[in-house]
Every structure is written in C-alpha cells, then in structure tokens.
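# Coordinate analysis (summary)
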Amino acid sequence: MTRVVENQVYVRMEMDLYRSGDSAENRSFSLCSWLRKIGVFHDQKSSGGDQHLTFPLLSVTLLVSFGSSMLYGYNLAVVNSPAEHIKVFYNATWSQRFGHGLGPAPLTLLYALTVSIFALGGLVGSLLVGVLVERYGRNGALSRSALLVLLAGSFMGFSRELGSPEMVIIGRSITGLHSGICLSVVPLYLGEITPKNLRGFLGLMPSIFICLGVFSAQVLGLPELLGKDRFWPLFLSVVVVPASLQLLLLHCFPESPRYLLIERNDICGATKALHRFLGRPDVQDVIEEMKEEQRSLSSVEMVSVWQLLRDRSVRWQTLSVAVVSAGMQLSGIDAIWFYTNTIFERAGIPTSQIPYTTMGTGAIEVVAGLIGCFTIERVGRRPLIITGFCAMGVCSAGITISLLLQATLPWMRYLSVACVVGIIAGFCMGPAGVPFLMTAELFMQSHRPAAYIVGGSLNWLCNFTIGFIFPFLQMSAGAFCYLVFCGVCLLVALYVYLVIPETKNKTFMEISHVFATRRSVLSVPARLTGMMKLNGYGTLQSSSLQASASNLP
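All values reported here derive from a predicted model rather than from experimental measurement. (Residues numbered from 1 in each chain as written. Predicted model: local features only at pLDDT ≥ 70, side-chain atom pairs only at ≥ 80, totals over all residues. Heavy atoms only, no water.)

### Observations concerning the packing of helix H5 (residues 104-157) against helix H10 (residues 240-249)
Quick reminder of the rule: For helices, the fitted line uses only the C-alpha atoms of the stretch in contact; every axis is such a line through C-alpha atoms, and the angle between N-to-C directions lies from 0 to 180 degrees. Only DSSP runs of H or I reaching four residues or more are called helices, and only runs of E reaching two or more are called strands; each is numbered from the N terminus. By the definition adopted for this analysis, an angle is roughly parallel if under 35 degrees, roughly antiparallel if over 145, roughly perpendicular if from 65 to 115, and oblique otherwise. In this scheme, a crossing is called left-handed if the near helix is turned counterclockwise away from the far one by less than a right angle; it is called right-handed if the turn is clockwise. Residue contacts are counted whenever heavy atoms from the two residues lie within 4.5 Å of one another.
Close contact between H5 and H10 brings their axes to 9 Å; oriented N to C, the two are set at 150 degrees. If you check the angle between H5 and H10, you find them roughly antiparallel. Helix-helix and strand crossings are classified by hand; for H5 and H10 the assignment is left-handed. Counted together, Leu142, Ser143, Ala146, Leu147, Val149, Leu150 and Gly153 of H5 and Val240, Ala243, Ser244, Gln246 and Leu247 of H10 form the full contact between these two elements.

Written out as structure tokens, the structure reads:
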C-alpha cells in the first residue's frame, strides 16, 4: 500500500512539473523524426516507451562538447604550425638573458617540454576527477574548470609581451589540467543524462568536436590567418572564447539525474532533471531503474582507485578500460597531431603546401568523426573501435614502407600522406570517442569515477610519453618507429575482439550482468550458478543467466 501511494505521489509531481513542457515535447518529436529518417537511430521500446532526442539534451551535449572537448583537440594541434615561431622566441629570449642562443638539442628539448607539458597537466587533471565530480557534481565540475582556460589564455597571450617562455609552458600545463578534467567529466555527464538508445550517438559527439578542434587549429594556423610570427600568442589563447561561452550557459542546464538520485538521494531534483532532458511527463520507469541501481549499491560506498584495482568482481572491466585508454595514445595518434608538419616535410611535401595538406587531413577527421557518430547505434561500439585500430595499424606500417621506398619511388610520398590520413580517419571514426563512452557503460555508479581516473591517468601518461619521446625516437629509429604503433594498434583490436562485449542499447545493470555471466561461464557451469552479491555486481541468478548470456557478442 505504501508503494502504491509513493508511486501516485511521484506521478502527480511529474505531471505538475511537466505542464509547461508541450513545446519541448513537440521539438523532441520533430528532431527525433528527422534523425530517424537519416538513419541515426531506430525506435527503441522500453517500459516507458520511446526515448526521444530532445532539444535540451542535444543543446547541453553541443555546449559541453564545444566548450570542453573541442579545446582538447585544439590544444593538441595548436603547437604544430607556430613551432618555428615559438622556437625563435625561445632562442631570442635566451640570448637576451644569457648572451648566447640555444643549441639545436636544448632548443628541441625545450620545445618538446612545451608540447608534452600539456599531457602532464592532463594527468594531474585526470587524478582530480573523482574529488571534483563528487563534491561539485558533473555539471558543476565542468563549469568551474572553464575558469582554468581563462587563466591559461592570459598566460599564453601575454607571454611574448613580457618576454617569458615560462608563461607559455605554464599556460600549456593549465590547459592540460583543464583537458584532463573535461576529457573524463564530459563523457561521464553525457553517459548519465542520455537514454540507452541515444547513448552511443550523443556519446560520440565530443569526439567530433575534438576533431573540429584539431581542424580549427589547422585552419587558424594558416599563414593568411594566425600563422604569422606576430600572431602566435593570440593563436594559443583563442581557447578562452569557447570556455567563456560554456561558463555563461552551462548553469542553465540541470545536474545529472543519476548523480542527484543515487549519490545525493535527491529524488525531486532528479525528477525535474529527467523532465527537462527527456521531454516527457512520465519518467517513473527511469526513476525506478535508478532506484534499483541505488539499492544494489546500498552496501557499497564510492570506491577509490585502489579499491577499484583490488576489486576482483570488476577486474575485466578495469583491465579493458586500461587497455583501450593506453592504446588510444600508444597508437601514435598524438605523434601524428603534434608533428604533422614534420612528418609531411620528411615525406617530401613542399614546405609551402604543408599547411594546406594538414588542413585537408583535419577536414577528413571531422568527416570520419561524423561517420562514427551517425553509425554507432546501427553497427555498435565493438565494430567501430576494432575497425579503427586495425586501420591505424595497417596505415602505420604503410608509413614505414613509404618512407623507406620514397627515395627510389617518388610517388611513395603520396602513399605516406594517404597513410597519415588513414590513421587520423581510423582514429576519429572509433578509438577517439568509444573508449570514453565504454568507460561510462562498463561500470556502475559507485565505480565509475574511479574508472575514469584510471583510464584518464593512463591516457595522459601515454600522451606525455609519446609527445616527449617521439622526436628522439624518430631521430634514432627513422621510418621504423611507426612499426611500434602498428603493433600496439593490432594488439588492442585483438583484445577488444576477444574480451569486450557489445554494450549497444543496454542499461548499466544489464552490462554489469554480461560481465558477471562471463565470469560465471569461465569459472563454473552456467546452470549451477546462483546469485552471489559481490560489491554491487556479483553473478546472476540461474533464472536470468540465459537471458544475459544471449547478449554476449
């Protein structure tokens, strides 16, 4: 009887909150119909009916992708075109201070530090994610992190006027700190506010904006725009514009309803947020699904990184996140982005044509990202990430072959450019965004922040390693350095194929049950397996085991 009264109260509260939402509902139906016509997603039935893409849901996705994710891509590529100008500034400043210039090796080391300090800042930012999202929430963490970009832009923008290379390096480290936070919090926020049938489509939206950020840096770096010597400080500090927009508008959108209900026990706030994001009057089915997850985690507090690493019930999920996060960076994509101009120069492309060739690769990045975003709900997560890593591995080997043979076969330089394009397209189609989406999908609420810390830390640590050692690796190993990236890409693709299940159109509880079923199948016969609660996961009841096993890829 108490349960019935509770449900009636929720329904009345939902209807009162929704009375002014007719226009939002109409917008959601028209937007959903258009996306269904172009094949983004199919109708998905759940206990509460169709889950439509609403205007608020799309708006907040675009806002955080533009104000946070795009800055990561921009800062990856922004140091590429003004490299020589920055080196001249470093050399001139050093000469003014000490009476002599820097030699080639120290100058290369100082510039490599400028490039790779971005990743060190990102590593620190990724370690702060757990504390920030627990204290300020997902929305609050993103809003506050935008202030870091304003500070970094000030450092880099005034560095030449004040004759301080240190300000460039500090500014780069602060932008890295911001990207380290946002690269984890954005997919965490979007993964928690989107319904399961839209999670793939909206979850890959940040990866498209990462590609747009890279493309924007390549376009603005043209000699006709900000690629001239006097404009490079402005070129580095343009990031304040998207960050300011996010800072002004993000507070207009609600916090993650999953965070509000499961971690803050704010049912009213979660209900209001669901009404806003889903655009329909009855959200009781979603509330019940979140309350079921909350009950399953009632005896489990938010776990730390150390607890996550020791938890045997999620060891395959943790290992999977570690493999794909490290594989993203060890695939060599950051070496391509950081040193595109150098790679094209060694491939024999005329110096005057390199900026435009680089810009062409940026356009292909955006197209590849759009293909991944608009096909993920049809083909699933696994095919995109496996195909992407395989394409990157093959193209890395192709770069080695083309560089070895271009002295005798001049047309091989075009194969080298095609392989660079193939690596970037393969990455943007799947590996650029799917790992962050999978991190949100593979873990329950209690383990998710710690999982993002593990994945983000490995991501940035490998990013720093590649950005710092690639110039020296290229000098010592020559064309053969790309074979290392080839091996990494193929091994990651093989791991995903053998271990990680498909998560398309599954709830977080269903995904955890899939891994539980796999553990059961590996340990004891499935028919003999009973329910055993283990840190909120455990294995399945024999009655539900077959249903979960049917979801295995």
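Having seen the model, we can carry on.
### Some points on the confidence of the model for the protein chain
In plain terms, the rule: Per-residue confidence from the predictor is given as pLDDT, running between 0 and 100.
Of the residues in the protein chain, 80% reach a pLDDT of 70 or more, and the chain-wide mean stands at 78. Across the protein chain, the element-wise mean pLDDT spans from 38 in helix H25 (residues 542-549) up to 94 in H10. Taken together, the stretch residues 1-30 has pLDDT below 50 and engages in 33 contacts with residues farther than four places along the chain or on a different chain. Counting interchain partners and residues more than four positions distant, the pLDDT-below-50 stretch residues 37-50 has 28 contacts.

### Brief notes about the environment of Ile423
Mapped onto the secondary structure, Ile423 falls in helix H20 (residues 412-429). In this structure the C-alpha to C-alpha distance between Ile423 and Ile336, which are 87 residues apart in sequence, comes to 8.4 Å. For Ile423, the residues in contact, after removing those within four places along its chain, are Ile333, Ile336, Met392, Cys395, Ser396 and Ile399.

### Focus on the packing of helix H15 (residues 315-330) against helix H23 (residues 481-499)
We apply this condition: Each residue is assigned to one of three groups, with Ala, Val, Leu, Ile, Met, Phe, Trp, Tyr, Cys and Pro labelled nonpolar, Asp, Glu, Lys and Arg labelled charged, and all others, Gly among them, labelled polar.
At their nearest, the axes of H15 and H23 sit 10 Å apart, and the two run at 155 degrees to each other. When the axis of H15 is compared with that of H23, the two are roughly antiparallel. Pair H15 / H23 crosses with left-handed handedness. From H15, Trp316, Leu319, Ser320, Val323, Val324, Gly327 and Leu330 reach across to H23, where they touch Phe485, Val488, Val492, Tyr495, Val496 and Val499. Taken together, the residues that form the contact of H15 with H23 break down as 11 nonpolar, two polar and no charged.

### Focus: the environment of Ser446
Applicable threshold: Relative accessibility decides the category of a residue: with a 1.4 Å probe and only protein chains considered, values under 20% of the type maximum give buried, values over 50% give exposed, and everything between is partly exposed.
Inspection of the secondary structure puts Ser446 in the loop between helix H21 (434-442) and helix H22 (448-477). Residue Ser446 is classed as buried on the basis of its relative accessible area, which comes to 1%. Along the backbone, Ser446 and Ile262 are 184 residues apart, and their C-alpha atoms lie at a distance of 9.0 Å.

### Side note on the pattern of salt bridges
As a reminder of what qualifies: For salt bridges, the criterion is a side-chain nitrogen of Lys or Arg within 4 Å of an Asp or Glu carboxyl oxygen.
Per the counting criterion, the structure on display carries nine salt bridges. Of the charged contacts, one joins Asp285 and Arg280 as a salt bridge, the two residues approaching to 3.4 Å between their closest N and O atoms. Since its relative accessible area comes to 10%, Arg280 is described here as buried. In the salt-bridge network here, residues are joined through shared partners; they are Arg138, Glu192, Glu263 and Arg448.

### Quick look at the nonpolar core
The condition that has to hold: For the purposes of this section, nonpolar cores are sets of buried Ala, Val, Leu, Ile, Met, Phe, Trp, Tyr and Cys residues that join through side-chain atoms within 4.5 Å. These domain limits were set by an automatic method or by a database of domain assignments.
Ranked by size, the top nonpolar core spans 86 residues in total, and within it Val60, Val64, Leu142, Tyr189, Leu202, Met205 and Ile385 carry the most contacts. Mapped onto the domain boundaries, this core takes at least three residues apiece from domain 1 (53-253) and domain 2 (305-520). Once residues lying within four places of it in the same chain are set aside, the contact partners of Val64 are Ser69, Leu142, Val186, Tyr189, Leu190, Gln246 and Leu250. One finds Val79, Ile174, Ala217 and Phe235 within the second-largest nonpolar core, a separate group that totals 29 residues.

### Considering the side chain of Gln284
For Gln284, the position within the fold is in helix H13 (residues 284-296). Residue class for Gln284 comes out buried when judged on its relative accessible area of 11%.

### Overview of the side chain of Ser179
Looking at where Ser179 falls in the secondary structure, it is placed in helix H6 (residues 165-193). Setting aside anything within four residues of it in sequence, one finds Ser179 in contact with Leu71, Tyr72, Asn75, Phe118 and Trp460.

### Concerning the packing of aromatic side chains
Applied cut-off: Any Phe, Tyr or Trp ring, taking Trp's six-membered ring, that has another such ring centre within 6.5 Å forms a pair; planes under 30 degrees apart are called stacked, those over 60 apart edge-to-face, and the others tilted. Here, a charge over a ring means that NZ of Lys or CZ of Arg falls within 6 Å of the ring centre while also lying within 35 degrees of the ring normal.
Evaluated as defined, the whole model comprises nine aromatic pairs. For the ring pair Phe89 and Tyr90, a centre distance of 6.0 Å and an interplane angle of 45 degrees mean the geometry is tilted. For the pair Phe89 and Tyr90, one class covers both residues: buried. Seen in terms of ring centroids, Trp94 and Phe98 are 4.6 Å apart; in terms of plane orientation they differ by 45 degrees. Their pairing is tilted. Of the two residues, Trp94 and Phe98 both sit in helix H4 (residues 83-98), four residues apart, roughly one turn of that helix. A relative accessible area of 48% means that Phe98 is categorised as partly exposed. Sitting over the face of the ring of Tyr111, Lys87 holds its NZ or CZ atom 5.1 Å from the ring centroid.

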